[in-house]
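Residues per chain are reported as follows:
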Amino acid sequence: MTIPDYGAPPCTENMFRRPAASRISHLLVGGGRDAYEADTDLRDQLLDVFPGLVAAARIGRIHRTLTARHLAQHGYRQFIDLGCGYPAPYPDHPDVHHLIRPLHPGATVVYVDADRVAFAHARAMAFGARGVHHVLADLRQLPELLADLVEITGGSLRRDVPVAVLAHDFLPWIPDPDLDQILTPLRAWLPSGSALSITHTTGGFGNEEVMSQLTSAYEVAGITYRPRPHGAVASMFGGWTHQGPGLVPVARWHHDHPHRDAPEETSAAYAGIAIKPAGRLP
């Protein structure tokens, strides 16, 4: 079977000698079996700068679980998980298709990532699961991917039915000039009633210096990293209708998040979920 490929970087021997954002994220939420020395070294540098980074990563993983269930409970049966990364490292917070299948056995889930190793692991873990699709893609080629997505899924993903998109914890790794190249065509392609869920690291909780140091540590390792303020994250929704409490610290979006009462800087990121109204332009 030919694997769809939209500009994802090739596997090379050198890629394991340099840290990767996907492996760092996996390490922080409790994975790391597939991490390399370069990854653990950078992780340790990041934790020296911000010891709360593990807590923030796990707060984000819990939010992902709660969000997928929340959207499934509100009737969404089609999900696209952008920058999905490695499969979940612990069973309490499984991957999206495991979360929504009890409510919608015939649901369609599309996982998208540019990391070939993460892709291979995710695809292997979901092997044989009906309605689950994996796509290799540099998200700067998202317009090309979206044009082919119905065909890639064999028609199980439909353009006349709302889609829930999870854009969790990958946009900080996208440089400013590329953001519109991803988000504008995505919002335009999605049908009315679709949901867009975003989490995004910020220095907006009085932690600007810490975030500046994290940015520097990543960039020395050759990884783009851009924490962004509230207004910049809000603009990513393109004026869609916010749900729940709006754009807030990650742990405070869901009322049943176990860390809801933690100080807002513990989240280190904003979360929002917005719905595309009928007739809404991108």
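Residues numbered from 1 in each chain as written. Predicted model: local features only at pLDDT ≥ 70, side-chain atom pairs only at ≥ 80, totals over all residues. Heavy atoms only, no water.

Some thoughts on the environment of Ala-88
Consideration 1: Looking at the secondary structure, you find Ala-88 in the loop between strand S2 (78-82) and helix H4 (96-100).
Consideration 2: Distance from Ala-88 to Gly-30, taken between C-alpha atoms, is 8.9 Å for residues 58 residues apart in sequence.
Consideration 3: Sequence-distant contacts of Ala-88, that is, excluding residues within four places in its chain, are made with Arg-61, His-93, Pro-94 and Asp-95. (Helix = DSSP H or I, 4+ residues; strand = E, 2+ residues; numbered from the N terminus. Contact = heavy atoms within 4.5 Å.)

Quick notes on the pairing of S2
Consideration 1: For S2, a buried count of five out of five residues is recorded, marking the element as mostly surrounded by other parts of the structure.
Consideration 2: Burial along S2 is two-sided: Gln-78, Ile-80 and Leu-82 facing one way and Phe-79 and Asp-81 facing the other are all buried.
Consideration 3: Relative to strand S5 (residues 164-168), S2 runs parallel, the two sharing three bridges. The residue of S5 that forms the bridge with Ile-80 is Val-165. (Buried < 20%, exposed > 50% of the residue type's maximum accessible area, 1.4 Å probe, protein only. Pairing = 2+ DSSP bridges.)

Quick notes on the pairing of S5
Consideration 1: With respect to burial, S5 is a largely interior element, five of its five residues being buried.
Consideration 2: The side-chain alternation of S5 yields two buried faces, one formed by Ala-164, Leu-166 and His-168 and the other by Val-165 and Ala-167.
Consideration 3: The sheet contact formed by S5 and strand S6 (residues 195-201) spans five bridges and is parallel. By the bridge assignment, Leu-166 is partnered in S6 with Ser-197.
Consideration 4: You can see the chain leave S5, run along helix H7 (residues 176-189) and come back into S6, and the turn it takes is right-handed. (Right-handed = clockwise from strand over helix to strand, strands pointing away.)

Quick notes on empty space enclosed by the protein
Sizing a probe to match a water molecule and rolling it over the atoms shows the empty space that remains.
Consideration 1: Considering all chains together, one arrives at one cavity of 30 Å³ or more under this definition.
Consideration 2: Considering only enclosed or pocket space, the largest cavity measures out at about 70 Å³ in volume.
Consideration 3: Along its surface, the largest cavity is lined by Arg-64, Cys-84, Gly-85, Tyr-86, Pro-87, Asp-95, His-97, Tyr-111, Ala-122, Met-125, Ala-126 and His-134.
Consideration 4: Among the residues forming the lining of the largest cavity, the class breakdown is seven nonpolar, three polar and two charged. (1 Å grid on protein atoms, 1.4 Å probe; cavity = no way out; pocket = protein on both sides within 12 Å on 5 of 7 lines; lining within 4 Å. Points joined across faces, edges and corners; volume = space filled by probe spheres on them. Nonpolar A, V, L, I, M, F, W, Y, C, P; charged D, E, K, R; others polar.)

Comments concerning the packing of aromatic side chains
Consideration 1: Tallied over the entire structure, the rule returns four aromatic pairs.
Consideration 2: The interplanar angle of 65° and the centroid separation of 4.9 Å between the aromatic rings of Phe-205 and Tyr-270 together place this pair among those described as edge-to-face. Taken together, the residues span a long stretch of sequence, with Phe-205 in the loop between S6 and helix H8 (208-220) and Tyr-270 in strand S9 (residues 269-275) at a distance of 65 residues. The exposure classification of Phe-205 matches that of Tyr-270, with both residues buried.
Consideration 3: On the basis of an interplanar angle of 35° and a centroid distance of 4.5 Å, the ring pair of Tyr-218 and Tyr-225 is categorised as tilted.
Consideration 4: Relative accessible area serves as the criterion here: at 3%, Tyr-218 is assigned to the buried category. (Phe/Tyr/Trp six-rings, centres within 6.5 Å; stacked < 30°, edge-to-face > 60°.)

Things to note about unusual backbone geometry
With the exception of glycine, most residues fall at negative phi, and the peptide bonds are largely trans.
Consideration 1: At Asp-169, a residue that is not glycine, the phi angle is positive and equals roughly 55°.
Consideration 2: Note that Asp-169 resides in the loop between S5 and H7.

Side note on the environment of Phe-79
Consideration 1: Here Phe-79 shows up in strand S2.
Consideration 2: Sequence separation between Phe-79 and Ala-126 is 47 residues; the distance between their C-alpha atoms is 15 Å.
Consideration 3: For Phe-79, the residues in contact, after removing those within four places along its chain, are Ala-68, Leu-71, Ala-72, Val-96, Ile-100, Thr-108, Val-109, Val-110 and Ala-164.

Brief notes about the packing of helix H6 (residues 142-152) against H7
Consideration 1: Viewed as axis vectors pointing N to C, H6 and H7 meet at an angle of 25°, and their least axial separation amounts to 9 Å. By the angle between their directions, the pair H6 and H7 is classed as roughly parallel. As for the relative orientation of H6 and H7, their crossing is right-handed in sense. Together, Leu-142, Pro-143, Leu-146 and Leu-149 of H6 and Gln-181, Ile-182, Pro-185, Leu-186 and Trp-189 of H7 make up the contact between the two elements.
Consideration 2: Broken down by class, the residue content of the contact of H6 with H7 amounts to eight nonpolar, one polar and no charged. (Axes fitted to C-alpha atoms, helices over the stretch in contact; angles between N-to-C directions. Parallel < 35°, antiparallel > 145°, perpendicular 65-115°, else oblique. Left-handed = near helix turned anticlockwise from the far one by under 90°.)

In short, geometric facts, not functional conclusions.
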